[in-house]
Amino acid sequence: MAELAVHLPLPIQVVIDDVGWWSGTDGHEQGEPYRTGIARDHCPADYRAISELGRRLGMRPQAAMVLCEWDRTDRLRAVPSATWMGADWRNRWVGPWLDEAAHVLRTGHLEPILHGVGHEWWDERGMSRAEWFGPDGLRPLDAVRAHLDAFLAIWQENGLGRAPTAFVPCAFLYQLGAGLAPVLAEYGITSVSTPYQRMAERPEVALVWDEGLPVVDRGQDLLRWFAIGQQPSGEVGGPVCGLHWPNLLHLDPSRNDEVVDGWVALLRPYDQRLDRMLAPDTASWLSQLAFWHGCRHRHDGPAVVFDLPDQRAGDWLRLKLADSRPLTIHGAALLADETVDGCRQIDLVVPAESEFARVEPRRG
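A brief report on the enclosed structure follows. No experiment lies behind these values; they were computed from the predicted model shown. Along every chain, residues carry numbers that run from 1 in the direction the sequence is written. The model is predicted, so local features are restricted to residues of pLDDT at least 70 and side-chain atom pairs to those at 80 or more, both for listing and for counting; the totals for chains, interfaces and linings are taken over all residues. Side-chain descriptors were evaluated using all non-hydrogen atoms of the structure, hydrogens and water having been removed beforehand.

1. Focus: the overall build of the protein
The helix count covers DSSP runs of H or I at least four residues long, the strand count covers runs of E at least two residues long, and both are numbered beginning at the N terminus. Looking only at helices and strands, one finds six helices and 21 strands in the protein. Here the globule rule is a power law, 2.2 Å times the number of residues to the power 0.38, and the radius of gyration is based on C-alpha atoms. Taking 21 Å as the expected radius of gyration for a compact globule of 364 residues, we find that the protein reaches 22 Å, a close match to that expectation. For the protein, the C-alpha atoms occupy an extent of roughly 75 × 45 × 35 Å along the three principal directions. Per-residue burial for the protein yields a buried fraction of 56% across its 364 residues. The rule is simple: take the accessible area with a 1.4 Å probe, protein chains only, and divide by the maximum for that residue type; under 20% is buried, over 50% is exposed, in between is partly exposed.

2. Examining unusual backbone geometry
The omega angle of the peptide bond from Arg-129 to Ala-130 is -5°, so this bond is cis rather than trans. Turning to its location among the elements, Ala-130 is positioned in the loop between strand 6 (126-128) and strand 7 (133-134). Residues other than glycine seldom take positive phi values, yet Asp-74 does so here, at roughly 55°. Tracing the sequence through the fold places Asp-74 in the loop between strand 3 (62-66) and helix 2 (96-107). Positioned with a positive phi, Asp-341 is a non-glycine residue whose angle comes to about 50°. Within the fold, Asp-341 resides in the loop between strand 19 (333-340) and strand 20 (343-349).

3. Considerations on the layout of surface pockets
Its boundaries defined by the atoms lining it, the largest pocket holds a volume of some 440 Å³. Space inside and on the surface of the protein is sampled on a 1 Å grid over the protein atoms alone, with a cavity defined as a set of points where a 1.4 Å probe fits but cannot get out and a pocket as an open set with protein on both sides within 12 Å along at least 5 of 7 lines; lining residues have an atom within 4 Å of a point. Around the largest pocket sit 22 residues that line it, and Phe-172, Arg-198, Asp-221, Trp-225 and His-244 are the ones nearest its centre. Split into classes, the residues belonging to the lining of the largest pocket amount to eight nonpolar, six polar and eight charged. Grid points are joined across faces, edges and corners, and a volume is the space filled by probe spheres set on the points. For this classification, the nonpolar set comprises Ala, Val, Leu, Ile, Met, Phe, Trp, Tyr, Cys and Pro, the charged set comprises Asp, Glu, Lys and Arg, and every other residue, Gly included, is treated as polar.

4. Thoughts on the environment of Gly-86
Along the polypeptide, Gly-86 turns up in the loop between strand 3 and helix 2. Separated by 183 residues in sequence, Gly-86 and Pro-269 have C-alpha atoms that sit 47 Å apart. Residues are treated as being in contact if the distance between any of their heavy atoms lies within 4.5 Å. Non-local contacts of Gly-86, meaning those with residues more than four positions away in its chain, are made with Leu-76, Arg-77 and Pro-80.

5. Quick notes on empty space enclosed by the protein
The final tally for this structure, using the stated rule, is one cavity of 30 Å³ or more. When its volume is computed, the largest cavity comes out at roughly 40 Å³. Contributing to the lining of the largest cavity are Leu-114, Leu-148, Phe-151, Leu-152, Pro-164, Tyr-187 and Ile-189. Element by element, the count of residues in the lining of the largest cavity is highest for helix 3 (residues 141-157), at three residues.

6. Some remarks on helix 2
Each residue after the first adds 1.5 Å to the expected span of a helix. Between its first and last C-alpha, helix 2 extends 17 Å over 12 residues, near the 16 Å set by a 1.5 Å rise per residue. Of the positions making up helix 2, those classed as buried are Leu-98, Ala-101, Ala-102, Val-104 and Leu-105. Looking straight down helix 2, one finds its buried side chains confined to an arc of 160°; they lie on one side. Where helix 2 is buried, its residues contact helix 1 (44-57), strand 3 and strand 4 (111-116). Within this analysis, the arc is defined by the directions that extend from the helix axis to the C-beta atoms.

7. Quick word on the pairing of strand 21 (residues 356-361)
For strand 21, a buried count of five out of six residues is recorded, marking the element as mostly surrounded by other parts of the structure. When DSSP locates at least two bridges between a pair of strands, those strands are taken to pair. Relative to strand 21, strand 16 (residues 303-307) is paired through four bridges, and the arrangement is antiparallel. Residue pairing across strands places Phe-306 opposite Ala-357, the latter belonging to strand 21. When strand 18 (residues 327-330) meets strand 21, the two strands line up antiparallel, connected through four bridges. Following the sheet pairing, Leu-327 is matched in strand 21 by Pro-361.

8. Quick look at the sheet that holds strand 19
The antiparallel open sheet is built from four strands, whose spatial order is 1-17-20-19. Since the sheet does not close on itself, it has two edges, and those belong to strand 1 (6-7) and strand 19, each with one partner. Relative to strand 20, strand 17 (residues 316-321) is paired through six bridges, and the arrangement is antiparallel. Bridge pairing in strand 20 links Arg-318 to Asp-347.

9. Some details on the nonpolar core
Residues grouped as a nonpolar core are buried Ala, Val, Leu, Ile, Met, Phe, Trp, Tyr and Cys residues, joined through side-chain atoms within 4.5 Å. Tyr-47, Met-65, Trp-70, Leu-248, Trp-263 and Leu-267 are the most contacted members of the largest nonpolar core, which has 79 residues in total. Filtering out sequence-adjacent residues up to four positions away, Trp-263 remains in contact with Leu-53, Leu-222, Leu-223, Pro-232, Cys-241, Leu-243, Asn-247 and Leu-248. In this structure, Leu-4, Leu-317, Leu-321 and Leu-348 belong to the second largest nonpolar core, which totals 18 residues.

10. A few points about the packing of aromatic side chains
In summary, the pairing rule links any two rings of Phe, Tyr or Trp, Trp by its six-membered ring, whose centres are within 6.5 Å, and it sorts them by plane angle into stacked for under 30 degrees, edge-to-face for over 60 and tilted for everything else. Summed over the entire model, instances satisfying the criterion amount to 11 aromatic pairs. Ring plane angle 75° and centroid distance 5.9 Å describe the contact between Trp-132 and Phe-167, whose orientation is recorded as edge-to-face. You can see Trp-132 sitting in the loop between strand 6 and strand 7 and its partner Phe-167 sitting in strand 9 (residues 166-167), a full 35 residues away along the chain. A residue is classified by how much of its surface remains accessible, and Phe-167, at 1% relative accessible area, is buried. An angle of 65° between the planes, with centres 5.6 Å apart, marks the rings of Phe-133 and Tyr-174 as edge-to-face. In this pair, Phe-133 is assigned in strand 7 and Tyr-174 in the loop between strand 9 and helix 4 (180-186), connecting sequence segments 41 residues apart. For the pair shown, Phe-133 and Tyr-174 are each scored as buried. The lysine or arginine in question, Arg-35, covers the ring of Trp-21, its NZ or CZ lying 5.6 Å from the ring centre. Whether a charge sits over a ring depends on NZ of Lys or CZ of Arg being within 6 Å of the ring centre and within 35 degrees of the ring normal.

Right, dumping it as structure tokens:
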């Protein structure tokens, strides 16, 4: 009997930074945030563009949120390091657009996640980069907690749904072992993604663990952070397709779908490959990535045996096959067996106690 050709594909999650600003103005030369750096303000259609990308790809892209311009009650006056106005903070962006965008974030094909309150840091010396880490390392822990508390309070007062479980550090400033990971875990965060090239440590693998929290390499974005209305091109080489919100948008919001079309055309072929896949959501992405990173496979006659890692991020696993034969599976439970765009994929639930998963052609 011919041996199976089974592949454990590397998952891709789309991570979109700086969602949440209503002003698009780059204000850093005036001591304000960079924001999204575009020549227009944002509108609910910009949130629908993210959801439309997710719907068309069968994914839930991460929308990394900045929430100071969602502050309905000016609570951030009590957290002066979070905004450029300090204790004089006043949010002029309160209006019906908040409810309209919140509905998309709550019900659309996307996952809003934690990015920041005001993205930068303000003190008596003015603005510095960035909110969670600065030139001297991690910001003071009491301030970090105040920013996290404020972020979640604004999240809740706007009804944005389930609290976020993923985190993208502002300006990609992050240090392993600096003490932020345990604090994030206290607040329900289960993963971090950031470009390793911005970290002093620069790990050599796409997934590392920071005091129990998985940290995933974002790699290099395909477009500049302020690029708007451009068609994307290039190769997504790792587990993250990173972009900034303008990269998905058009200067004319009614034409956002034209830019979304380009991202769909770029990303959909990855899901048709045996060695890659588009992750349905963050939980699936993390689980798949931990298996991809830690599994070792071997052939045993026609069967393929995956020796499973001890360190996991979930129990969900997808395999892809260039084989149409019925299967027998040991060490895991079959959730789904389907062919999508000509590519057969099986989804499994792997119990924590399983040390291996064995996939073989069914006999008889």
